[in-house]
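Chain and residue survey
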Amino acid sequence: MLIVKKFGGTSVADKERIFNVANRCIEDYKKGHDVVVVLSAMGKQTDVLLEMANDINPNAPKRELDMLLTTGEQTSVALMAMAMHALGVPSISLNAFQVAMHTTSVAGNAKLIKIDKDRIRHELEQRKIVIVTGFQGICKYDDYTTLGRGGSDTTAVALAATLHADACEIYTDVDGVYTADPRIVEDAKKLDQITYDEMLELASFGAGVLHNRSVEMAKKYGVQLVVRSSLNTTEGTIVKEEVKMEKMLISGVASDKNVARIAVVGLEDQPGVAFKLFRHLANHNVNVDMILQSIGRDNTKDISFTVTEDMADVAVETVERHRSGSLKCQDVKVNKNVSKVSIVGAGMQTNPGVAAQMFEALYDANVNIQQISTSEIRVTVLIDEEDTNKAMNAVHKEFDF
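Residues numbered from 1 in each chain as written. Predicted model: local features only at pLDDT ≥ 70, side-chain atom pairs only at ≥ 80, totals over all residues. Heavy atoms only, no water.

Observations concerning the overall build of the protein
Summing up its helical and strand segments, the protein has 12 helices and 18 strands in all. A globule of 401 residues ought to have a C-alpha radius of gyration of about 21 Å, and the protein, at 23 Å, matches this closely. Overall, the protein is about 75 × 50 × 35 Å in size when its C-alpha atoms are taken along their principal axes. Residue pairs at least 24 apart in sequence account for 75% of intrachain contacts in the protein once pairs closer than 6 positions are excluded. Surface accessibility of the protein: about 18900 Å² in total, with carbon and sulfur atoms responsible for 47%. When the 44 basic and 55 acidic side-chain charges of the protein are each reduced to a single mean position, those positions are 4 Å apart. (Helix = DSSP H or I, 4+ residues; strand = E, 2+ residues; numbered from the N terminus. Rg over C-alpha atoms; globule rule 2.2 N^0.38 Å. Contact = heavy atoms within 4.5 Å. Areas by Shrake-Rupley, 256 points an atom, 1.4 Å probe, with all protein chains shown as cover. Lys, Arg positive; Asp, Glu negative; His and termini not counted. Charge placed at Lys NZ, Arg CZ, Asp CG, Glu CD.)

What follows is the structure, given as structure tokens:
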């Protein structure tokens, strides 16, 4: 049996936790299983590296940031291999070059293209535990790339798919997927199972347990995931295609404060304007969400959309750059003091009135809605950031999990 295990930064934050993870991996190894371990950088090491970079150059090239940030995972895997050797178990650490993990060339947000498996297979045949750096890859120019925040989850799922692993276990500092963030909602409940689609929506709209691209990849390649805690041995949450348990109306409530709202005011009301706007944004790698178009005055229209907060300035600069050319508009406004709150559940497809329930809960809590976005299994609202926790608790209580 081949098992891929991924451990987050808090799971390897210090010596004690490194040895805890080493022992957990060794348990499966001693049962005769092949074990591949994927690690994130230790604790807050990525944030520390970013602070160092910002101190040197606040506008550092993204290529150099990737070169710097990949050292975090290399530190983790090397120390883990040392720990396992100290415990008498053969192991080897491998980085993105040594595997090799091929990605696109977008620094800071690269996507995996393929993973060579020969080196890993060779080391497993030597009965070693293989410890691989998460979050990183190499592009066609032989430069290091990073996969974005949470990218180690994607690395683990990609390895599980490539190696045809029997299990893919994602270890974190919580013991599964909850109906809401238990740090915000006290009566949040742990789910035993959840579908890929539900988990993908939750991950995309603020649930920090899994990286959304990892869930997308798991669904595509049929990799069943188990999310569990590295700090205890309780059963976690299984993420898979179908859930046999009786379906809940709503599976979870998520929030995301990493949001900015961009309003492009007074665009010409004619065909092709929206295309031009979003083409320019796409050319600058700006991912857009929650689009709202409204009719303005004097044959104009307004278009509002949300982006991640770190891309807000890029989005505004892009629009401003084309204001006197292909995008004739009156103004560009940005609001970074907003957040998204979402409800997710496959049950809402066959139950009318779910959105109305959510809106009623927000009304009762005196929370104003700025924008609304929906899918078949999700309703998302954009609200003031200061109302996030109040909204989360009100909505969670409304659906009586």
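There is more to say, and it comes next.
Digging into the pattern of salt bridges
The tally for this structure, following the rule as stated, stands at 19 salt bridges. Between Asp181 and Arg183 there is a salt bridge, with its nearest N and O atoms 3.0 Å apart. Among the residues examined, Asp181 registers a relative accessible area of 23% and is labelled partly exposed. With relative accessibility at 74%, the residue Arg183 sits in the exposed group. The residue Asp313 makes a salt bridge to Lys336 at a minimum N-O spacing of 3.3 Å. Linking Asp313 in helix H10 (residues 312–321) with Lys336 in strand S16 (residues 331–344), this pair joins segments that are 23 residues apart in sequence. Take Lys336: its relative accessible area is 30%, and that puts it in the partly exposed class. Here the salt bridges share partners, and the residues they tie into one network are Lys5, Asp28, Glu169, Arg228 and Glu235. (Salt bridge = Lys/Arg side-chain N within 4 Å of Asp/Glu carboxyl O. Buried < 20%, exposed > 50% of the residue type's maximum accessible area, 1.4 Å probe, protein only.)

A word on the sheet that holds strand S9 (residues 167–172)
Spatially, S3-S6-S2-S1-S9-S11-S12-S10 is the arrangement adopted by the eight strands of the open sheet, whose pairing is mixed. Of all the strands in the sheet, the pair left with one neighbour each is strand S3 (91–94) and strand S10 (193–195). Each neighbouring strand pair of the sheet contributes to a mean axis angle of 20°, computed without reference to strand direction. Of the pairings in the sheet, the one linking strand S11 (residues 225–229) to strand S12 (residues 237–240) comprises three bridges and is antiparallel in character. Bridge assignment links Val227 to a residue of S12, and that residue is Thr237. (Pairing = 2+ DSSP bridges. Axes fitted to C-alpha atoms, helices over the stretch in contact; angles between N-to-C directions.)

Details of the environment of Phe19
Positionally, Phe19 belongs in helix H1 (residues 15–30). Overall, Phe19 belongs to the partly exposed group, its relative accessible area being 25%. Spatially, the C-alpha atoms of Phe19 and Leu79 are 9.7 Å apart, while their sequence positions differ by 60 residues. Not counting chain neighbours up to four residues away, the residues in contact with Phe19 comprise Ala83, Ala86 and Leu87.

Concerning helix H5 (residues 118–125)
One turn of an α-helix holds 3.6 residues; hence residues three or four places apart share an orientation. Three or more residues of H5 are buried, namely Ile120, Glu123 and Leu124. Looking straight down H5, one finds its buried side chains confined to an arc of 100°; they lie on one side. Opposite the buried face of H5, by more than 90 degrees, sit the exposed residues Asp118 and Glu125. Where the residues of H5 are buried, they touch strand S1 (2–7), strand S2 (34–39), S3, helix H4 (96–99), strand S6 (129–133) and helix H6 (151–163). At the exit of H5 stands Arg127, carrying a positive phi of roughly 60°. (Arc of directions from axis to C-beta.)

Some thoughts on the pairing of strand S17 (residues 371–375)
Moving residue by residue along a regular strand, the side chains alternate between the two faces of the sheet. Note: S17 against strand S18 (residues 378–384), five bridges, orientation antiparallel. Counterpart to Ile372 in the pairing with S18 is Val381. Linking S17 back to S18 in an antiparallel pair, the connection comprises two residues.

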